[in-house]
Amino acid sequence: MLKTIIVEHLKKSYRVREGFRKTKFIEAIKDVSFNVSKGEIHALLGPNGAGKTTTIKILSTLLLPDSGLVSIKGFDVVKEAEKVRRIIGLAIDVSKGFYSSLSGFENLVFYGLLKGLSLSDSRRRAREVLELVGLEELKASDSPYFTYSLGMRARLAIAKALLNDPEVLLLDEPTLGLDVESSRHVREMLVKLARDGRTILVTGHNMHEIEIVSDTVTIINKGEVVASGTPSELKSRVGLVFKLKVQTTLDSEPLFKKIVADSLDVKRVASKVNSNGRVEVNAIISSNREDIVEVLFKASKEHGVKILDLQLIEPSLEDAYLAILGVLDEY
Ligand SMILES: Nc1ncnc2c1ncn2[C@@H]1O[C@H](COP(=O)(O)OP(=O)(O)OP(=O)(O)O)[C@@H](O)[C@H]1O
């Protein structure tokens, strides 16, 4: 089946002026390839300057690539840019691009007209998308844009991207700077839009958020793909590694550490005495969950180790991301 978004061996350099006569090239994208299937939410992750926005700009026909093949629903973003523009919705710099004294509704009608809709269609569609992103519900659509909170601005940017009822949404950091509730609202909106069959490419830095919403992920660093897959595939890359935190007593600590060291694959262990007099043992263990649970159970039931509290933490997407980029020293 043809993938909705195809990016193959994408390359892009920026030419920048250096001094009066000299120019230099910044290789923003050296080699980026990934695919996104219909109805999927795909996250593009990477540190600042990795090339995420540049990729979104090429996909949305705002920038031309130097080389590589990029297509959306089979349309080449260079040769068939007009057709691509008709089927995509773009939200980039989500708190920019609106007239501050116009209301959300008036801004959207203006953009609807720019997209070639008639005045009556623009007005109808503006109301529909305002409803879709929950701005009607907040009774904000007729207030001037300058009164909007960041969360409302992000919603309006997504509403604008939805004006032409696009099959593909390209969203660059849609939750940047949003509070917990607004971010959750945007996340829920993305899931709903994908469930309706839209394909979504999103960038962001909040790993927790990305882990919740995305079906697949591509991690890029310095313009190159360093990993891709589902969040669980990426997490399995860091191996079967758990963080175990146990609170025990001073008396039980030596025996507990011995049992754990003898029975499990312990990578690292450290302990400290807490202010409440309990000993907190922190271990990185590369054994499977069932074995860890069995050893803890036996230590408590058969050897009388006092386990006062415990946490067994699996690696998160953030752990995987940091490990893949080689900046995680915890694992
Ligand atoms: N218009 C431009 N002119 C020159 N260099 C640019 C331009 N836009 C981006 N770059 C450079 O290209 C590289 C990739 O930038 P890009 O904005 O695509 O990264 P990003 O992954 O989106 O970063 P961030 O997470 O900070 O938004 C960076 O080194 C950046 O400085």
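Numbers given for residues are sequential positions, taken from 1 along each chain in its written order. Local features in this predicted model are restricted to residues whose pLDDT is 70 or higher, and side-chain atom pairs enter the listing and the counts only when it is 80 or higher, whereas totals over whole chains, interfaces and linings include all residues.

Next up on the list: the overall build of the protein. What counts as a helix is a DSSP run of H or I of at least four residues, what counts as a strand is a run of E of at least two, and both are numbered from the N terminus. The helix and strand inventory of the protein stands at 11 helices and 14 strands. For the protein, whose C-alpha radius of gyration is 25 Å, the value lies well above the compact-globule estimate of 20 Å for 331 residues. In terms of principal-axis extent, the alpha carbons of the protein reach across some 80 × 50 × 50 Å. In this scheme every C-beta is placed from the backbone, and a residue whose C-beta has 20 or more other C-beta atoms within 10 Å is buried, one with 12 or fewer is exposed, and one in between is partly exposed. Taken over 331 residues, the protein has a buried fraction of 38%. A sequence separation of at least 24 residues applies to 68% of the contacts in the protein between residues at least 6 apart. Only the C-alpha atoms count toward the radius of gyration. The rule for a globule is 2.2 Å times the residue count to the power 0.38. Each residue gets a C-beta atom placed from its backbone, and two residues are in contact if those atoms lie within 7 Å.

This part takes up helix α4 (residues 119-132). A rise of 1.5 Å per residue sets the reference length of α4, with its 14 residues, at 20 Å; its end C-alpha atoms lie 20 Å apart and thus fit the reference within 8%. For α4, the set of buried residues is Ser122, Arg125, Ala126, Val129 and Leu130. Projected down its long axis, α4 shows its buried positions confined to an angular sector of 135°, all on one face. Buried positions along α4 lie against α3 (104-114) and α5 (150-161). Looking one or two residues beyond α4, the residue adopting positive phi is glycine 134, at roughly 85°. Expected helix span is taken as 1.5 Å per residue step, with the number of steps being one fewer than the number of residues. Throughout, the arc means the angular range of directions from the helix axis out to the C-beta atoms.

The next thing to look at is the pairing of strand β3 (residues 41-45). The buried fraction of β3 is high, at 5 of 5 residues. Where burial is concerned, the two faces of β3 agree: the one with Ile41, Ala43 and Leu45 and the one with His42 and Leu44 are both buried. Criterion used throughout: strands pair if DSSP finds at least two bridges between them. One ladder, built from 4 bridges, connects β3 with strand β8 (residues 199-203); its direction is parallel. Residue isoleucine 41 lies in a different strand from β8, and its bridge partner there is isoleucine 200. Note: β3 against strand β9 (residues 216-221), 4 bridges, orientation parallel. Along β9, the bridge assignment pairs leucine 44 with threonine 218.

Right, let's talk about the domain arrangement of the protein for a bit. What marks off one domain from the next here is an automatic or database domain assignment. Each assigned domain of the protein is listed with its residue range as follows: domain 1 (5-236) and domain 2 (240-314). Look at where the C-alpha atoms of domain 1 and domain 2 centre, and you get two points 45 Å apart.

Let us now look at the site of the ligand. Around the ligand sit Tyr14, Val16, Ile26, Ala28, Gly46, Asn48, Gly49, Ala50, Gly51, Lys52, Thr53 and Thr54, and that is every residue in its neighbourhood. Counting only elements with at least two residues in the shell around the ligand, the list comes to β1 (5-18), β2 (22-36) and α1 (52-59). Considering every element that reaches the shell around the ligand, the biggest residue donor is α1, with 3 residues. In this count, Pro and Cys sit with the nonpolar residues alongside Ala, Val, Leu, Ile, Met, Phe, Trp and Tyr, while Asp, Glu, Lys and Arg are called charged and the others, Gly among them, polar. Residue composition of the shell around the ligand, by class: 5 nonpolar, 6 polar and 1 charged. Put plainly, near means the residue's C-beta atom, positioned from the backbone, lies within 6 Å of the molecule or strand in question.

Its identity is not glycine, yet histidine 9 carries a phi of approximately 50°, on the positive side. Among the secondary structure elements, histidine 9 is positioned in strand β1.

As summarised here, the arrangement of the 4 strands in space is β12-β13-β11-β14, forming an open sheet in which the pairing is antiparallel. Edge positions in the sheet fall to β12 (266-273) and β14 (309-313), since each has one partner strand and no second. Taking each pair of neighbouring strands and ignoring which way they run, the sheet shows an average axis angle of 10°. With 5 bridges connecting them, strand β11 (residues 242-248) and β14 associate as antiparallel partners. Looking across to β14, one finds that leucine 244 is bridged to leucine 312. To obtain an axis, a line is fitted to C-alpha atoms, over the contacting stretch when the element is a helix, and the angle between two such axes runs from 0 to 180 degrees between their N-to-C directions. Strand contacts of helix α9 (residues 253-263): β11, β12 and β13 (279-285), with the helix running at about 10° to β13, the strand carrying the most contacts. Packing of helix α10 (residues 289-301) onto the sheet brings it into contact with β11, β13 and β14, and relative to β11 it is tilted by some 10°.

So, about the environment of proline 254. As for its placement among the helices and strands, proline 254 is situated in helix α9. Note on proline 254: 13 C-beta atoms within 10 Å, which makes it partly exposed. Separated by 90 residues in the primary sequence, proline 254 and asparagine 164 place their C-alpha atoms 66 Å from one another.

Every buried residue of helix α11 (residues 317-324) is listed here: Leu317, Asp319, Ala320, Tyr321 and Ala323. Where α11 is buried, its residues contact β3, α7 (207-213), β9 and α8 (231-237). Once α11 finishes, glycine 326 follows within two positions and takes phi at roughly 75°, a positive value.

So, on to the environment of glutamine 311. Here glutamine 311 is to be found in strand β14. For the pair formed by glutamine 311 and lysine 243, sequence separation is 68 residues and the distance between their alpha carbons is 7.9 Å.

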